[in-house]
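Residue strings, one per chain:
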Amino acid sequence: MRLDNKVMRGVARAVLPATVRRIIKTGLALGVPPKFLPLRGGRRVRATVPMGDLGSIDPRWAGIYSPNYGDEEVHKFIHRQFLEDASTYVELYQNVEYWKYLVGRGLEQAEVGSPSPLVLDLGSGGGNSVFPLLDLIPRASIVASDLSLPLLKILKDYMEERYAERSFAVAQLNAEEIFFADSQFDLVVGRAILHHLFSPEKTLAECARVLKPGGSALFFEPFEAGHQVLALTLRSILERDRRRCGDEEPIEPAVVRFFEALCQDWEVRKGEDKSAPQYLQIDDKWLFTLDYFERVAREAGFREVAVSPIQLGPHLFSEKVDALLRIGLQMTAAVLPRWAFRCLTVADRAFTEEARRHLVFEGIVVLRKGKS
Ligand SMILES: C[S@@+](CC[C@H](N)C(=O)[O-])C[C@H]1O[C@@H](n2cnc3c(N)ncnc32)[C@H](O)[C@@H]1O
């Protein structure tokens, strides 16, 4: 369902000067609806569908622009954690300082040429990449987008409070069908969005289309190699826990269940076919391979493809388990019996730094579109 013309007229009355309204009215009379996203500060992004401020339908969503998605489309992609539980999600996962460092690393590689670039952020959530972009590129105009209205509302309120003088817009957008016209953006950014999609290849093709010649896309995504080597280690730890002899300390039952769930989750996320019905219930659908990006990004029209690991230190596996326990159970790796922690440090020492570069857990993906 799209916004009808009545809603569009209400939106236009509220936000546009009379002369612009007259031009648009003429357009409507000619059957040409206005198709653009207005940014604070006057900049506009051309759209391929009519878009309106959802505030004219429901005051809770005022200031969020959308072609007005139906519930079914939204629920196909996102579930409770990003909808009803949006504020808990933001509390748990918001870490803007950490992401500022990583977005900064990505921007160095993406080499954005313009000093006042137009940036599209996909699956913005609570803003882990949006706020770093606003801080690191002071003259950027930013379109923050997501499918979740509750998350967009949290993000919009914060942007209006802290970045009122900046050029930005907040839009409800399905990342698999980017409704902007061709060749407008200097940079597209997505932090942990592609692995939620059924067809990230569609999104990459759309990114290539909406980027200007020479533009870049920057993603932060999880990869199979690091996760599966850790799964092998966790499975052998769980096996040893089951066969433990009398005087060895057991692993806490909650931690056993957590490790089993992680291994199961990573197993399901392998491979490229996401057509099975189970993926309709799952938010996290993918663990990527380096080859996937190399192949799909080039097919999408990108000329350069580079992936670099976010985690690379000598304690790769023990630090990852510590981070997972903190997020998942609000515990640390100190909860593990000494023998189990030692298994992780054995895995840490098994690889040279050179080999660890291929054991990516999370990677920074930089894609560059050719100049012509
Ligand atoms: C893991 S969160 C990341 C949020 C944010 N980028 C961050 O770094 O914290 C994934 C986000 O993608 C959004 N999302 C999932 N599927 C989507 C889709 N098809 N189109 C747009 N956003 C989507 C979710 O609502 C959620 O906000």
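Residues numbered from 1 in each chain as written. Predicted model: local features only at pLDDT ≥ 70, side-chain atom pairs only at ≥ 80, totals over all residues.

## Some words on the packing of helix H8 (residues 200-210) against helix H11 (residues 290-300)
Argument step 1. Where H8 meets H11, the closest approach of the two axes is 8 Å, and the angle between their N-to-C directions is 45 degrees. By the angle class used here, H8 and H11 are oblique. H8 and H11 meet at a crossing whose hand is right-handed. Across from Glu-201, Leu-204, Ala-205 and Ala-208 in H8, the residues of H11 making contact are Val-296, Ala-297 and Ala-300.
Argument step 2. A class-by-class count of the residues in the contact of H8 with H11 yields 6 nonpolar, no polar and 1 charged. (Axes fitted to C-alpha atoms, helices over the stretch in contact; angles between N-to-C directions. Helix = DSSP H or I, 4+ residues; strand = E, 2+ residues; numbered from the N terminus. Parallel < 35°, antiparallel > 145°, perpendicular 65-115°, else oblique. Left-handed = near helix turned anticlockwise from the far one by under 90°. Contact = placed C-beta atoms within 7 Å. Nonpolar A, V, L, I, M, F, W, Y, C, P; charged D, E, K, R; others polar.)

## What about the nonpolar core?
Argument step 1. Leu-37, Val-119, Leu-133, Ile-142 and Val-188 are the most contacted members of the largest nonpolar core, which totals 89 residues.
Argument step 2. Among all residues touching Leu-37, those that are not within four sequence positions of it are Arg-44, Val-45, Ala-47, Met-51, Tyr-65, Val-143, Ala-169 and Ala-171. (Core = buried A, V, L, I, M, F, W, Y, C linked by C-beta atoms within 7 Å. Buried ≥ 20, exposed ≤ 12 C-beta atoms within 10 Å, placed from the backbone.)

## Considerations on the environment of His-358
Argument step 1. Tracing the backbone shows His-358 in the loop between helix H14 (353-356) and strand S11 (362-369).
Argument step 2. For His-358, a count of 13 C-beta atoms within 10 Å corresponds to the partly exposed category.
Argument step 3. Residues His-358 and Pro-309 lie 49 residues apart in sequence; the distance between their C-alpha atoms is 7.9 Å.

## Some details on the site of the ligand
Argument step 1. In the neighbourhood of the ligand, 23 residues make up the surrounding shell, with Gly-123, Gly-125, Asn-128, Ala-175 and Arg-191 lying closest.
Argument step 2. Of the residues belonging to the shell around the ligand, the class tally is 11 nonpolar, 9 polar and 3 charged. (Near = placed C-beta within 6 Å.)

## As for the confidence of the model for the chain
Argument step 1. Overall, the prediction assigns the chain a mean pLDDT of 92, with 91% of residues at 70 or greater.
Argument step 2. Confidence over residues 1-5 falls short of pLDDT 50; this stretch has 13 contacts with residues more than four positions distant or in other chains.
Argument step 3. This model gives residues 19-33 a pLDDT under 50, and the stretch forms 13 contacts once residues within four places in sequence are excluded. (pLDDT = per-residue confidence, 0-100.)

## Thoughts on the pairing of S11
Argument step 1. Among the 8 residues that make up S11, 6 are buried, leaving the element largely enclosed by the rest of the structure.
Argument step 2. The sheet contact formed by strand S9 (residues 211-222) and S11 spans 7 bridges and is antiparallel. The residue bridging Phe-220 from the neighbouring strand is Ile-364, located in S11.
Argument step 3. Where strand S10 (residues 302-309) meets S11, 7 bridges bridge the pair, whose relative direction is antiparallel. Of the residues in S11, the one forming a bridge with Val-307 is Val-365. (Pairing = 2+ DSSP bridges.)

## Here's the deal with helix H13 (residues 338-349)
Argument step 1. Along its 12 residues, H13 runs 17 Å from first to last C-alpha, staying within 8% of the 16 Å computed at 1.5 Å per residue.
Argument step 2. Those residues of H13 lying buried are Ala-340, Leu-344 and Ala-347. For H13, the angular spread of the buried residues around the axis is 55 degrees, confining them to a single face. Exposed side of H13, more than 90 degrees from the buried face: Arg-338, Arg-342 and Arg-349 are the residues found there.
Argument step 3. In this structure, the buried residues of H13 make contact with helix H9 (224-242) and helix H12 (316-329). (Expected span 1.5 Å × (residues − 1). Arc of directions from axis to C-beta.)

## A word on the sheet that holds strand S3 (residues 52-53)
Argument step 1. What the 9 strands build is an open sheet, ordered S3-S4-S7-S6-S5-S8-S9-S11-S10; its pairing is mixed. Looking along the sheet, the strands with just one partner apiece sit at the ends: S3 and S10.
Argument step 2. The strands touched by H8 are strand S5 (118-122), strand S8 (185-191), S9, S10 and S11; relative to S9, the strand with the most contacts, the crossing angle is about 150 degrees.
Argument step 3. Where H11 meets the sheet, its contacts fall on S10 and S11, and the angle it forms with S10 comes to roughly 160 degrees.

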